[in-house]
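These are the residues of each chain, in order.
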Amino acid sequence: MSTKHFILRLTVCICLGFPSLNVRAENWVNLYSENDWFPIFVDIDSDSIQKGRDGLVYFSKKQDAEVTASAINCKKSVYYIINGDTEWRTNGVKIEPGSDYLIEAEYVCSKA
């Protein structure tokens, strides 16, 4: 067996044997805003921002030490919380001026 074939087989075995090693980098960006009542602090993982085939922009956010999967329709200004909700596409929230989601939408849509 040639060295190239051996290395290829070894690589395949390692990848199949350790599927949990599929780790991506995290690059958390701190965002801050104020609305009429209180300040808003949220962290967005800029490495997680991806535009889907459906036109939505998907990303991970961390607020109050909880990581949440979310999506935004940048054209229609609609925010979706995905975590564990099988009906999340029907539960979108319109992003209005002064909304808690506005700072996230501005950042995520500018990076998509």
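Procedures and definitions
Residues numbered from 1 in each chain as written. Predicted model: local features only at pLDDT ≥ 70, side-chain atom pairs only at ≥ 80, totals over all residues. Heavy atoms only, no water. Pairing = 2+ DSSP bridges. Helix = DSSP H or I, 4+ residues; strand = E, 2+ residues; numbered from the N terminus. Contact = heavy atoms within 4.5 Å. Axes fitted to C-alpha atoms, helices over the stretch in contact; angles between N-to-C directions. Salt bridge = Lys/Arg side-chain N within 4 Å of Asp/Glu carboxyl O. Buried < 20%, exposed > 50% of the residue type's maximum accessible area, 1.4 Å probe, protein only. Polar contact = N/O pair within 3.5 Å; in protein donor to acceptor, adjacent residues only side chain to side chain.

**Let's talk about the sheet that holds strand 4 (residues 66-73)**
Inference 1: The strand order 1-2-3-4-5-6 describes an open sheet built from six strands, whose pairing is antiparallel. The strands lining the two open edges of the sheet, one partner per strand, are strand 1 (28-34) and strand 6 (93-94).
Inference 2: By the bridge criterion, seven bridges tie strand 1 to strand 2 (residues 39-51) in an arrangement that is antiparallel. By the bridge assignment, Ser33 is partnered in strand 2 with Ile40.
Inference 3: Sitting on the sheet, helix 2 (residues 102-111) is in contact with strand 1, strand 2, strand 3 (57-63), strand 4 and strand 5 (78-81), with an inclination near 25° to strand 2.

**Considering the pattern of salt bridges**
Inference 1: If you walk through the whole model with that rule in mind, you get two salt bridges.
Inference 2: The closest approach of N and O atoms between Arg89 and Asp54, which form a salt bridge, is 2.7 Å. Of this pair, Arg89 sits in the loop between strand 5 and strand 6 while Asp54 sits in the loop between strand 2 and strand 3, and the two are 35 residues apart along the sequence.
Inference 3: Asp54 gets classed as partly exposed once you look at its relative accessible area, which sits at 38%.
Inference 4: Among the ionic pairs, Glu104 bridges to Lys61, the shortest N-O distance being 3.1 Å.

**Quick notes on the side chain of Asn73**
Inference 1: Relative to the helices and strands, Asn73 resides in strand 4.
Inference 2: Within the local environment of Asn73, its side chain forms a polar contact with the backbone nitrogen of Lys76, the two atoms lying 3.0 Å apart.

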